[in-house]
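Each chain, letter by letter, is given below.
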Amino acid sequence: MNATRYYSVRMHASCAGDHISGAERIVTGDRIAETMTLLLDRTKGRTSLPDRTVVTIDDLGPARPQTIPALNLTNVLVDAPAQGRSLAKHVLIHAGIAPQAIEAVMEWLSNGAAPGGKNMRGAMIVDAATGERLEPDQGRGIRASRFDWNAASEICIREKLNAVGLSHHRTREALALASKIAGGPAVAGELCWSDDPDYQAGYAASRATGYVRFPRMKNPGNVHGGRALFLQDRSRLQSLIEYLELRAVLIEPAGSCSEAADLKAVLGANSRR
Ligand code: AMP
């Protein structure tokens, strides 16, 4: 592998066809071997072991990937999932998304957005005005790929997230993903909470509001969750899908990370992004 070219390195581990873990990086050729080892380490020490692990390496060429600035993150403390979801709705309304579209998405995320009430493997794409679903396959959804922190920004964001008590790699990766998504053509915003029964946090994000994280968006043990992207202009659907799946982006610079008890201050402060 050529040290001066960029590569997308992706790992996907599964058991009996079910997803167990996945992760990805963008690196120069000289860092491929160490990156593969780090990604494979992710599959160790889990309760369910994979019976299949696939690592994919794609040559992205000699040009440095496009950069996208990270969203500012605010962690808004909430007492209960109902409060988290209600505040997330406010965030998305502030980003210009119709209440009926947000309500439709919350209903799908709560009950399993894939056929048969299952969770999707990727994200829904939803018309921001009507709530109509636009992704071509409602089981698979659209998976955003080929994104990573630039090396210096990653060091910076780790420190900033640690300072607000968010040291898990999960938050760092979700913030990079949301930053890529928010930079996509005609994206008005995004809503996400995990389908992992042991993880209750979620977020609402947009360029207009930043990444607003809520530690509680569902109760422990709840297996339903997912991601939805709200699209402002349906004629941009195909360009958005191509951007999400294929365009390599490095996230830089890192944004700010803070904690808040009041959403009003957050929406005022992040309006410039
Ligand atoms: P997670 O936050 O990793 O638990 O993911 C929550 C949900 O978001 C998953 O069930 C998928 O539906 C969706 N998702 C996860 N990763 C991606 C991705 N890279 N692109 C689009 N959707 C994703």
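Refer to the structure presented above.
Residues numbered from 1 in each chain as written. Predicted model: local features only at pLDDT ≥ 70, side-chain atom pairs only at ≥ 80, totals over all residues. Heavy atoms only, no water.

Participant: Sorry, what's going on with the packing of helix α2 (residues 81–94) against helix α3 (residues 99–111) here?
Facilitator: For any two helices packed against each other, one specifies the inter-axial angle together with the distance between the axes. Across the interface, α2 lies against α3 with an axial gap of 10 Å and an inter-helix angle of 140°. Taken together, the axes of α2 and α3 lie oblique to each other. You can see that α2 and α3 cross each other, and the crossing is right-handed. Between α2 and α3, the contacting residues are Arg 85, Ala 88, Lys 89, Leu 92 and Ile 93 on the first element and Pro 99, Ile 102, Glu 103, Met 106 and Ser 110 on the second. (Axes fitted to C-alpha atoms, helices over the stretch in contact; angles between N-to-C directions. Helix = DSSP H or I, 4+ residues; strand = E, 2+ residues; numbered from the N terminus. Parallel < 35°, antiparallel > 145°, perpendicular 65-115°, else oblique. Left-handed = near helix turned anticlockwise from the far one by under 90°. Contact = heavy atoms within 4.5 Å.)

Participant: How should I be thinking about the state of the cysteines in this particular structure?
Facilitator: In protein chemistry, a disulfide is the covalent bond that joins the sulfur atoms of two cysteines. A full pass over the atoms with the stated rule returns zero disulfides. Residue Cys 192 stays outside any disulfide, its sulfur separated by 17 Å from that of Cys 257, the closest cysteine. Looking at Cys 257, it has no disulfide partner, and the nearest cysteine sulfur is the one in Cys 156, 8.3 Å off. (Disulfide = S-S within 2.5 Å.)

Participant: Mind showing me how you'd approach the site of the ligand here?
Facilitator: The environment of the ligand is formed by 13 residues, the closest being Met 120, Gly 122, Ala 144, Ser 194 and Asp 195. With respect to the ligand, the backbone of Ala 144 contributes an N or O atom lying 2.8 Å from a nitrogen atom. Within the complex, the protein chains bury 82% of what would otherwise be the 480 Å² of accessible surface of the ligand. Elements supplying a minimum of two residues to the shell around the ligand: α5 (169–182) and β11 (226–231). (Near = heavy atom within 4 Å. Polar contact = N/O pair within 3.5 Å; in protein donor to acceptor, adjacent residues only side chain to side chain. Areas by Shrake-Rupley, 256 points an atom, 1.4 Å probe, with all protein chains shown as cover.)

Participant: Quick question: what am I supposed to make of the pairing of strand β5 (residues 73–76) here?
Facilitator: Remember that side chains alternate between the two faces of the sheet whenever the strand is regular. Along β5, one buried face is formed by Leu 73 and Asn 75 and the opposite face, lined by Thr 74 and Val 76, is buried too. Bridging between β5 and strand β10 (residues 210–214) involves three bridges; their strand directions are parallel. Residue Asn 75 lies in a different strand from β10, and its bridge partner there is Arg 213. Where β5 meets strand β13 (residues 257–260), four bridges bridge the pair, whose relative direction is parallel. Across the sheet, Asn 75 pairs through a bridge with Glu 259, a residue of β13. (Buried < 20%, exposed > 50% of the residue type's maximum accessible area, 1.4 Å probe, protein only. Pairing = 2+ DSSP bridges.)

Participant: Just checking my understanding: could you explain α5 for this structure?
Facilitator: Every α-helix winds through 3.6 residues per turn, so residues three or four apart in the chain are directed the same way. Here α5 is 14 residues long and its end C-alpha atoms lie 20 Å apart, about the 20 Å a rise of 1.5 Å per residue gives. Most of α5 sits inside the fold, with eleven of its 14 residues counted as buried. For α5, the full list of buried residues reads Thr 171, Arg 172, Ala 174, Leu 175, Ala 176, Leu 177, Ala 178, Ser 179, Lys 180, Ile 181 and Ala 182. (Expected span 1.5 Å × (residues − 1).)

Participant: Teacher, can you tell me more about the sheet that holds strand β2 (residues 18–28) here?
Facilitator: Across a sheet, strands are paired by hydrogen bonds formed along the backbone, either parallel or antiparallel in direction. Taken in spatial order, the three strands make up an open sheet running β2-β1-β3, and their pairing is antiparallel. Sheet topology places β2 and β3 (52–61) at the edges, where each strand pairs with a single neighbour. Across this sheet, the average inter-strand angle for adjacent strands is 15°, counted without regard to direction. As paired elements, strand β1 (residues 6–15) and β3 share nine bridges and run antiparallel to each other. If you follow Val 9 over to β3, its bridge partner there is Ile 57. Across the face of the sheet, helix α1 (residues 32–41) comes into contact with β1, β2 and β3 while running at roughly 25° to β1.

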